[in-house]
Amino acid sequence: MNLDWTPLRVELDRWRRKGMQYPIWWRDDDATRPTEALDELAVLSDSVGVPVHLAVIPRDATMGLAEYVRDRSNLRPVVHGWSHTNHQPAEKTRGEFGENRPIHIRCEEAGEGLRRLTEMFGDSMTPMFVPPWNRIPVSFLPELAQLGYKSVSTCHPRENVEAAEGLLQINTHIDPLYWRPSRGLSAPQLIIEKTERLLKKRRQGKLDNTEPFGLLTHHLAHTPDVWEFCRQFWLELTEGPFEIFEHP
Ligand SMILES: [Zn+2]
C-alpha cells in the first residue's frame, strides 16, 4: 500500500523543533477469546512497541483469553460494557447503557463486568469502562465512578479531563475501519490528513495535549489493508516525539 505520509511527517517535525511530545495509546474492541486475528494484533503491537488496551466483553470472555493475556504484557484488558447487547428501540442509534433501561440494572451489569474481569485478569486489568458503540448517557458517568471505574473511553477529542468526579475521560481519535456497505479501510489519505490536523491543533494549544492520542481498532473485523494501515500508522507516529500513555 503506497501512502503519502508527508503531511504528517512535516507536522511531527514541527513538534520536534518545538521540543513538544504527544502521548499515544491504542484501544482495540470486542475481544472474548483467542483467535488468529488476536494473534495478529498482539504481534503487531509487539513489533511497533505500542501496547493495546483490549476492550473485553465481560459476559462472553473465556478463560482461554485470560491465559492468553497473562503471557503478554502488551495486552491490557479493559471493560467493554457487559454483553454488547443493543437495548435501544429500533429507530434509535445502538447502545447498551441507554436511559431507557432502569439504572439499577445498568449499575449491576457495569459492576459485574468490572468484578468478573478483575477476577479473570488480576493485576493486568485496567479499571476503564468502554461503552459499546462508544455511547453512554452523561447521567450514568457518576455511577461508573461509584462502581470503582477510574476512566471512561469513547471517541473524539475530550472536552474535559474528567467525565465525572474521579473518572478520567480517555478517548480515541482515529478509526481506520469503514463498516458499511462492507468492512474495509476508510480512505487512508483522509485518515492521514485527520491525524495531521488533530496533532496540529494540539501543538497550537487548541486541543488538550494531555489526553493520549488514540487509535481505535476492531481486530475481528480487519481486512489485510486495515492491518497494513495500522502498522504504517504506528511506525510513523513512533518516529516523532511520542510517549507511551500509562493509565494512572
Ligand atoms: Zn464493541
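As the structure is a prediction and not an experimental result, all values here were calculated from the model.

Chemist: Any details on the environment of His-104? Residues and values, ideally.
Modeler: Position of His-104 relative to the elements: it lies in helix H4 (residues 103–121). C-alpha separation for the pair His-104 and Glu-143, spaced 39 residues apart in sequence, amounts to 9.9 Å.

Chemist: So what about the pairing of strand S2 (residues 52–56)? Which residues, and what values?
Modeler: Along any regular strand the residues' side chains alternate between the sheet's two faces. Across the 5 residues that make up S2, a large majority, 5, are buried. Judged by which residues are buried, S2 turns out to be covered on both faces: Val-52, Leu-54 and Val-56 on one side and His-53 and Ala-55 on the other are all buried. Both strand S1 (residues 22–31) and S2 contribute to a ladder of 4 bridges, which runs parallel. What sits directly across from Ala-31, in S2, is Val-56. The parallel pair S1 and S2 is bridged by helix H2 (residues 36–48), and the resulting crossover is right-handed. Once you follow S2 into helix H3 (residues 63–70) and on to strand S3 (residues 75–79), the crossover reads as right-handed.

Chemist: For H3, give the residues involved together with the corresponding values.
Modeler: What H3 keeps buried is the set Leu-65, Ala-66 and Val-69. In an axial view of H3, the angular spread of the buried residues amounts to 100°, which keeps them on one side of the axis. Set apart from the buried face of H3 by more than 90 degrees, the exposed residues are Met-63, Gly-64 and Glu-67. Buried residues along H3 sit in contact with S1, S2, S3 and H4.

Chemist: Before we move on, could you go through the packing of H2 against helix H7 (residues 224–237) and cite the residues and values that matter?
Modeler: Interaxial distance between H2 and H7 falls to 10 Å at its minimum, and their mutual angle equals 20°. Relative to H7, the element H2 lies roughly parallel. H7 is crossed by H2, and the crossing has right-handed handedness. In this structure, H2 uses Glu-40, Leu-44 and Val-48 to contact H7, whose residues at the interface are Trp-227, Cys-230, Arg-231, Trp-234 and Leu-235. Considering only residue class, the contact of H2 with H7 consists of 6 nonpolar, no polar and 2 charged.

Criteria and thresholds
- Residues numbered from 1 in each chain as written.
- Predicted model: local features only at pLDDT ≥ 70, side-chain atom pairs only at ≥ 80, totals over all residues.
- Helix = DSSP H or I, 4+ residues; strand = E, 2+ residues; numbered from the N terminus.
- Buried ≥ 20, exposed ≤ 12 C-beta atoms within 10 Å, placed from the backbone.
- Pairing = 2+ DSSP bridges.
- Right-handed = clockwise from strand over helix to strand, strands pointing away.
- Arc of directions from axis to C-beta.
- Contact = placed C-beta atoms within 7 Å.
- Axes fitted to C-alpha atoms, helices over the stretch in contact; angles between N-to-C directions.
- Parallel < 35°, antiparallel > 145°, perpendicular 65-115°, else oblique.
- Left-handed = near helix turned anticlockwise from the far one by under 90°.
- Nonpolar A, V, L, I, M, F, W, Y, C, P; charged D, E, K, R; others polar.

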